[in-house]
Amino acid sequence: MTLAALAVLLGAAGPAETPVPAAAPPGPEQWGIVTNLPGGLCGAKAPAVEGAELSLALSRDNSLSMFLAGPGWKIQPQTYEIVMQLDDLAPFAFTMHGEGPALVGEVPRDFRAELMTAGKIGFNFNAKTYTIAVRNLAGVVDRLDTCIQARKAAERQH
């Protein structure tokens with residue numbers, strides 16, 4: 001994931017559908033979709049929760065990246081081991097690269113099934129614990145896959 005893609009996904013540039021705040025955990029239709037990420041990526045951004053933003057990006061080779069961001073975060077460019085917890089499963093360390101206002105990490109393929117069925121994603125960063133309620137992340141990834149397929153089809157027409 002490039003820093004340019006990260007900037008676009010976080011809303012620093014480029015059009016995106018605006019995420020709609022939700023009282024219940026946001027469903028796939030409530031995530032803002034960014035179709036113009038560099039490198040052929042498509043991204044999805046959930047409504048912010050307690051000052052934390054969760055975004056996902058899907059690449060042309062079906063790699064999935066997760067972004068965690070905060071408007072006030074000032075992250076040194078380095079690798080971080082973020083302690084995460086999905087639902088009531090055991091906490092685990094997730095390797096993410098930080099820079100500016102965000103952390104980004106590629107979701108390991110053997111971890112995707114648990115992530116897709118999660119109802120909440122908890123993590124600790126900067127001495128604060130965050131919990132982001134989610135639902136149907138598989139549906140979000142399906143929307144990203146539709147975006148990727150549309151980009152590939154458009155490229156074939158040119």
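Residues numbered from 1 in each chain as written. Predicted model: local features only at pLDDT ≥ 70, side-chain atom pairs only at ≥ 80, totals over all residues. Heavy atoms only, no water.

Draft legend 1. Region of interest: helix α3 (residues 137-157). Across its 21 residues, α3 extends 31 Å between first and last C-alpha, which sits within 8% of the 30 Å expected from 1.5 Å per residue. Listed in full, the buried residues belonging to α3 are Leu137, Gly139, Val140, Val141, Leu144, Cys147 and Ile148. Packing partners of the buried residues in α3 comprise β1 (32-34), β2 (42-45), β3 (53-58), β4 (64-69), α2 (112-116) and β8 (120-125). (Helix = DSSP H or I, 4+ residues; strand = E, 2+ residues; numbered from the N terminus. Expected span 1.5 Å × (residues − 1). Buried < 20%, exposed > 50% of the residue type's maximum accessible area, 1.4 Å probe, protein only. Contact = heavy atoms within 4.5 Å.)

Draft legend 2. How the structure looks around the state of the cysteines. Taken as a whole, this structure holds 1 disulfide when the rule is applied. One disulfide bridge connects Cys42 with Cys147, the sulfur atoms lying 1.9 Å from each other. Given an S-S torsion of about -70°, the disulfide between Cys42 and Cys147 has left-handed geometry. Here the residue Cys42 occupies a position in strand β2, and Cys147 occupies one in helix α3, the gap between them amounting to 105 residues. (Disulfide = S-S within 2.5 Å.)

Draft legend 3. Summary view of the pairing of β2. Residue alternation in β2 divides its side chains into two sets, Cys42 and Ala44 and Gly43 and Lys45, and both sets are buried. With 3 bridges connecting them, β1 and β2 associate as antiparallel partners. By the bridge assignment, Ile33 is partnered in β2 with Ala44. Where β2 lies against β3, 4 bridges are found, and the strand directions are antiparallel. Following the sheet pairing, Cys42 is matched in β3 by Leu58. (Pairing = 2+ DSSP bridges.)

Draft legend 4. Main features of the pairing of strand β6 (residues 92-100). The pairing of strand β5 (residues 75-86) with β6 spans 8 bridges and is classified as antiparallel. Directly across from Val83, in β6, lies its bridge partner Ala93. Once β5 ends, the chain turns through 5 residues before running back antiparallel as β6, passing Asp87 with a positive phi of about 50°. Of the pairings in the sheet, the one linking β6 to strand β7 (residues 102-106) comprises 3 bridges and is antiparallel in character. Each residue of the ladder has a partner; that of His97, found in β7, is Val104. Here β6 hands over to β7 after 1 residue, the two strands then running antiparallel side by side.

Draft legend 5. Up close: the packing of aromatic side chains. Evaluated as defined, the whole model comprises 7 aromatic pairs. Measuring from centroid to centroid gives 6.4 Å for Trp73 and Phe123, while their planes differ by 80°, and the two rings are edge-to-face. Of the two residues, Trp73 sits in the loop between β4 and β5 while Phe123 sits in strand β8, which places them 50 residues apart along the sequence. Taking 5.7 Å as the distance between ring centres and 65° as the angle between the ring planes, the aromatic pair formed by Trp73 and Tyr130 counts as edge-to-face. Here Trp73, found in the loop between β4 and β5, pairs with Tyr130, found in strand β9 (residues 128-133); they are 57 residues apart in sequence, far enough to count as distant. The pair formed by Trp73 and Tyr130 is uniform in burial state, with each residue classed as buried. Pairwise contacts between aromatic rings join Trp73, Tyr80, Phe123, Phe125 and Tyr130 into one cluster. (Phe/Tyr/Trp six-rings, centres within 6.5 Å; stacked < 30°, edge-to-face > 60°.)

Worth remembering: the numbers are spatial, not functional.
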